[in-house]
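Tertiary structure, described
The primary structure of each chain is shown beneath.
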Amino acid sequence: MRTPFFVIIQIAVGLALYLLFATYGNDYWFYAGYTVLQYIVLATAWNILGGYCGYVNFGSAAFFALGAYSSVFFYNIGQSLDELFSESTAALLSHIFPIPVPILILIGGAVAGLVGLGTGYLTLRLRGVFFAIATLALAVVIETLVVNWQFVGGSRGAYVIPAAEIPVFGPYIQYLFALMIVLVIVALTCARLIERSRLGYGFATIRDDELAAEACGVPTLRLKLIATVLSGALMGMAGAPFPFFIGYVEPGSAFNLSYAVNSIAMPMIGGTTSWVGPLIGAILLGTLQQLATVTISSVVNLLIVGLLLIGFVIVAPNGIVGLWQDWVGKKSKRFGS
Amino acid sequence: MDFDLLVNAIIAGLLLGGFYAAVTAGISISFGMLDIVNIAHPAFILLGSYITYIVNVSLGIDPIIASILVLPAFYALGAVVYQVYYLAFEKRGQEALRGLAFFFGVLFVTEVILLLLFGVDYRSVNAPYIGPSVSLGAMEFPLRLLVPFLVSAVMFVALQIFLSRTFIGRAVMAVSQDPMALRLMAVDPTRIKRIAFGISIATASLAGAFLIIIQPVIPSVGRDYIGRIFAICVLGGLGSLPGTVIAALLLGVIESFTATFYGPSWAPAVSFGILLLTLAVRPSGLLGR
């Protein structure tokens, strides 16, 4: 399948989904759908570094929250232009503010990408484990920074009040839903393009044997940095519309550990070798969690995700996609003894 | 700067450092010596805290004695976890990605189970040494910090003697460097690793008791320690117990200074700063080879 054709199919599916929800569903469908779409972006983003390169990122929540809080930051600036700037500057800036959400998404992506670059540059030259540990600690530190930063609400949290209606789309949630569909298309296309390019083969050599790759002249550090920035930026982009979706952001919700767990569990359960895996994993787990949250409890559904993650990494290392391939028998999968 | 404040900040930091050393001991063994990146270690520590809490509240046994009583159970738990890890990941050569995800899952599941069982209320234990403190001139020694500090020191001496003087201890130090050589000495590397991992989880029982003596505990508190223990472990030089102690004391003092002079809400950022700095400047740590 050529890439333009792939994009057209995605747009068609996205449009069909949107129209289906708009005609037959209600606002809840859009809210639930938004969450699942957000997880597809997070899982796909995680998989670019985790699945293709073999480097584990435990800090998905941090990158996600970076996107969310960069939106809060610019929203708050827009709210208090008169206090922050002189009259003439405020008048000038009032043409720009409030910044539309698509631009905020790009900003959030840039911020998260930069943080990924910094963390990666310091830790990716060492053994892979150190990067994983650094990302684990990164979440705690960025949360500490946010808690101490009063302008974005500190530990109290911040209110972000979106317009109730928006032209063309109607209710604001439908607008966010449409934006998320666009993000999913961007993420999946990105992942699929990488998979079939020189870049993707480079990533695969790092995953399979970094030392050998280095010896063959693969610029491993540069490739790893590219993967980290791409993956981090996509996570930040997924987080940027979050404040508008939820209306009230506090560190506990933006840095929620469930983002980190889900963005690892979804590709692991779906399968990490191709873009299909995270998509399947995110749709399955995301929908399951939406159902479990309303029917059982939100704590129990986290337990289910954790147990599924442990179960799958032990029993089915290649996820659902791997199980499917084994079953069909198209490809004989062998592992080094 | 107030001199008394400075002295007491140093003392509090050193005492805290002794506790941090106990928390890190298990990671120094599993990550430093065995190459098993057990990021679920804080979860086991928290499990130790809650078991200590149950025993203390229901039977009235001193928390430290209670944690020593359950040491064998923690050792067995560690051995079982290692066996699963070995069969599912090490044997297949997949520890890098899936092994990490496995431990992350264990960390998360343990936290959620504790959350379901105990809720989000703060839990604490009772012991005669929680509350009073000994003063020596201007210096204050809070007993709730001093007692864990001393027990932790004893534990480290015992571990160091075990590792450097006994045959199994030496085998533990050797196993990640050259498992083949161990085989030639008629030692089963898997068995050695199982024993060592059991010991590393057993230390979590004591560390858990210290934790709940020092501060009231909720299920999510374990996460705050992930950054700390890995920062200490890396700064100390992987797998070096003396290095771990020095790094832990250092981190304790720096954190205590940060908390005293800048405010306690900044303390968690310290460990990450140290971790990044160490990785960037001297990845082999203070006493690393």
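Residues numbered from 1 in each chain as written. Chains lettered and ligands numbered in written order. Predicted model: local features only at pLDDT ≥ 70, side-chain atom pairs only at ≥ 80, totals over all residues. Heavy atoms only, no water.

**Comments concerning the overall build of chain B**
Where we set the bar: We count a stretch as a helix when DSSP gives it H or I for four or more residues in a row; a strand needs E for two or more, and each element gets its number in order from the N terminus. Radius of gyration here is computed from C-alpha atoms only, and the compact-globule reference equals 2.2 Å multiplied by the residue count raised to the power 0.38. Throughout this description, buried means an accessible area under 20% of the type-specific maximum (1.4 Å probe, protein chains only), exposed means over 50%, and partly exposed covers the range between. Any two residues whose heavy atoms approach within 4.5 Å at even a single point are treated as in contact.
Of the regular secondary structure elements, chain B holds 12 helices and 2 strands. When its helices and strands are written in sequence order, chain B yields α-α-α-α-α-β-β-α-α-α-α-α-α-α. Relative to the 2.2 N^0.38 estimate, which gives 19 Å for 289 residues, the radius of gyration of chain B is 19 Å and therefore close to what a compact globule would have. Summarising its shape, the C-alpha atoms of chain B cover approximately 60 × 45 × 35 Å along the three principal directions. Buried residues in chain B amount to 56% of all 289 residues. Of all intrachain contacts in chain B linking residues separated by at least 6 positions in sequence, the fraction that spans at least 24 positions is 77%.

**Quick word on the overall build of chain A**
Helix and strand content of chain A: 17 helices and 4 strands. In terms of C-alpha radius of gyration, chain A reaches 20 Å, essentially the compact-globule figure of 20 Å for 337 residues. For chain A, the spread of C-alpha atoms along the principal axes amounts to about 70 × 50 × 40 Å. Burial analysis of chain A (337 residues in total) assigns 55% to the buried set. For chain A, the share of sequence-separated contacts (at least 6 apart) that also reach a separation of at least 24 residues comes to 76%.

**Overview of the packing of aromatic side chains**
To keep it simple, the criterion reads: Only Phe, Tyr and Trp rings are paired, with Trp represented by its six-membered ring, and only when their centres lie within 6.5 Å; those with planes under 30 degrees apart are stacked, over 60 edge-to-face, the remainder tilted. For a ring to carry a charge above it, either NZ of a lysine or CZ of an arginine must fall within 6 Å of the ring centroid while also lying within 35 degrees of the normal to the ring plane.
Enumeration according to the criterion identifies 40 aromatic pairs over all chains in this entry. Seen in terms of ring centroids, Phe21(A) and Phe30(A) are 5.7 Å apart; in terms of plane orientation they differ by 85°. Their pairing is edge-to-face. Each of the two residues, Phe21(A) as well as Phe30(A), counts as buried. Through pairs of rings, three or more aromatic residues link up here, namely Tyr82(B), Tyr85(B), Tyr86(B), Phe89(B), Phe102(B), Phe103(B) and Phe197(B). Seen from the ring of Phe6(A), Arg192(A) lies directly overhead, with NZ or CZ sitting 4.3 Å from the centre.

**Focus: a nonpolar patch on the surface**
Residue and element names in this part refer to chain A. Rules: Exposure above 30% relative accessible area and the lack of any salt bridge qualify a residue for a patch; like charges then connect within 9 Å, and the nonpolar side chains Val, Leu, Ile, Met, Phe, Trp and Tyr within 5 Å. In short, Shrake-Rupley with a 1.4 Å probe defines the accessible areas, and a residue's cover is counted only from the protein chains shown. The working definition used for a salt bridge is a side-chain nitrogen of Lys or Arg within 4 Å of a carboxyl oxygen of Asp or Glu.
On the surface, a nonpolar cluster with roughly 720 Å² of combined accessible area is contributed by Leu17, Leu20, Tyr24, Tyr28, Trp29, Tyr31 and Val294. Residue assignment for the nonpolar patch shows that the elements contributing at least two residues are α1 (3-24) and α2 (27-53). Of note, Val294 is situated in helix α15 (residues 276-295).

**Concerning the pairing of strand β2 (residues 139-142) of chain B**
Residues and elements named next belong to chain B. Condition: Here, a strand pair is defined by DSSP locating no fewer than two bridges between the strands.
Note: strand β1 (residues 133-136) against β2, 4 bridges, orientation antiparallel. Within β2, the position partnered with Ser135 by the bridge is Glu140. Adjacent in sequence and paired antiparallel, β1 and β2 are bridged by 2 residues, among which Gly137 carries a positive phi angle near 65°.

**Thoughts on the interface of chain A and chain B**
Basically, it comes down to this: All amino acids are sorted into three groups, where Ala, Val, Leu, Ile, Met, Phe, Trp, Tyr, Cys and Pro are nonpolar, Asp, Glu, Lys and Arg are charged, and the leftover types, Gly among them, are polar.
Facing 42 residues of chain A, the contacting portion of chain B comprises 41 residues. Linking chain A with chain B are 0 salt bridges. When contributions to the side of chain A that touches chain B are tallied by element, the ones reaching two or more residues are α2, α6 (101-123), α7 (128-147), α14 (257-270) and α16 (298-315) of chain A. Here the side of chain A that touches chain B takes 12 residues from α7(A), the largest share from any one element. Here the side of chain A that touches chain B is built from residues that sort into 32 nonpolar, 9 polar and 1 charged.

**Things to note about unusual backbone geometry**
Residues and elements named next belong to chain B. Its identity is not glycine, yet Asp35 carries a phi of approximately 65°, on the positive side. Structurally, Asp35 is set in the loop between α1 (3-33) and α2 (41-59). Accessibility expressed as a relative area gives 38% for Asp35, which makes it partly exposed.

**Topic: the pattern of salt bridges**
Summed over all chains, the structure comprises 4 salt bridges over all chains. The partner of Lys224(A) in a salt bridge is Glu210(A), with the nearest N and O atoms 2.7 Å apart. Taken as a pair, Lys224(A) in helix α11 (residues 220-239) and Glu210(A) in helix α10 (residues 210-215) lie far apart in primary sequence, 14 residues in all. The partner of Glu90(B) in a salt bridge is Lys193(B), with the nearest N and O atoms 2.9 Å apart. Of this pair, Glu90(B) sits in helix α4 (residues 71-90) while Lys193(B) sits in helix α9 (residues 189-214), placing them 103 residues apart in sequence.

**Details of the nonpolar core**
Rule in force here: To form a nonpolar core, buried Ala, Val, Leu, Ile, Met, Phe, Trp, Tyr and Cys residues must be joined to one another through side-chain atoms within 4.5 Å.
By size, the foremost hydrophobic cluster in this structure holds 209 residues, and its most contacted members are Phe58(A), Phe19(B), Phe31(B), Ile39(B), Phe103(B), Phe104(B) and Phe230(B). When residues in this core are grouped by element, the largest group, 16 residues, is from helix α8 (residues 172-195) of chain A.

**A word on the side chain of Thr258(B)**
All names here are of chain B. Formally: Any pair of N or O atoms that falls within 3.5 Å is considered a polar contact. Within protein, one atom must be able to donate a hydrogen and the other to accept it, and sequence-neighbouring residues count only if both atoms are side-chain atoms.
Relative to the assigned elements, Thr258 resides in helix α11 (residues 241-261). Residue class for Thr258 comes out buried when judged on its relative accessible area of 14%. Here the side chain of Thr258 touches Ile254 through a polar contact of 2.7 Å, landing on its backbone oxygen.

**So, α7(A)**
Basically, it comes down to this: Helix span is expected to be 1.5 Å times the residue number reduced by one.
The terminal C-alpha atoms of α7(A), which comprises 20 residues, lie 29 Å apart, in line with the 28 Å expected from a rise of 1.5 Å per residue. In terms of residue burial, α7(A) counts as a mostly covered element, since 15 of its 20 residues are buried.

**A look at the environment of Val186(A)**
Residues and elements named next belong to chain A. Here Val186 is to be found in helix α8. Overall, the relative accessible area of 38% leaves Val186 in the partly exposed class. For the pair formed by Val186 and Leu234, sequence separation is 48 residues and the distance between their alpha carbons is 9.0 Å.

**Describing the confidence of the model for chain B**
Selection rule: Note: pLDDT gives the predictor's confidence per residue, expressed from 0 to 100.
Looking at chain B as a whole, the pLDDT averages 86, with 98% of positions reaching at least 70. For this predicted complex, the interface confidence reaches an ipTM of 0.83, while the overall pTM sits at 0.87.

**Regarding the packing of α1(B) against helix α10 (residues 222-235) of chain B**
All names here are of chain B. Operational definition: Lines are fitted to the C-alpha atoms to define the axes, a helix being fitted only along its stretch in contact, and any angle between axes, read from their N-to-C directions, falls within 0 to 180 degrees. Each angle receives one of four descriptions, namely roughly parallel if under 35 degrees, roughly antiparallel if over 145, roughly perpendicular if within 65 to 115, and oblique otherwise. Note: crossing handedness is left-handed where the near helix turns anticlockwise from the far helix by less than a right angle, and right-handed where it turns clockwise.
Close contact between α1 and α10 brings their axes to 9 Å; oriented N to C, the two are set at 70°. Relative to α10, α1 is oriented roughly perpendicular. Of the two elements, α1 crosses α10, and the hand of that crossing is right-handed. Listed contacts from α10 to Phe19, Tyr20, Val23, Thr24, Ile27, Ser28 and Phe31 of α1 are Tyr225, Arg228, Ile229, Phe230, Ile232 and Cys233. Its residues placed into classes, the contact of α1 with α10 shows 10 nonpolar, 2 polar and 1 charged.

**Considerations on helix α6 (residues 143-165) of chain B**
Its 23 residues give α6(B) an end-to-end C-alpha distance of 33 Å, which sits within 8% of 33 Å, the value for a rise of 1.5 Å per residue. Within the sequence span of α6(B), burial applies to Leu143(B), Leu145(B), Val147(B), Pro148(B), Ser152(B), Met155(B), Phe156(B), Leu159(B) and Leu163(B).

**Focus: the state of the cysteines**
All names here are of chain A. Quick note on the threshold: Cysteine sulfur atoms that come within 2.5 Å of each other are treated as a disulfide pair.
According to the stated counting rule, one finds 0 disulfides over all chains in the structure shown. Left unpaired, Cys53 is separated from the closest cysteine sulfur, that of Cys190, by 13 Å. A residue is classified by how much of its surface remains accessible, and Cys53, at 1% relative accessible area, is buried.

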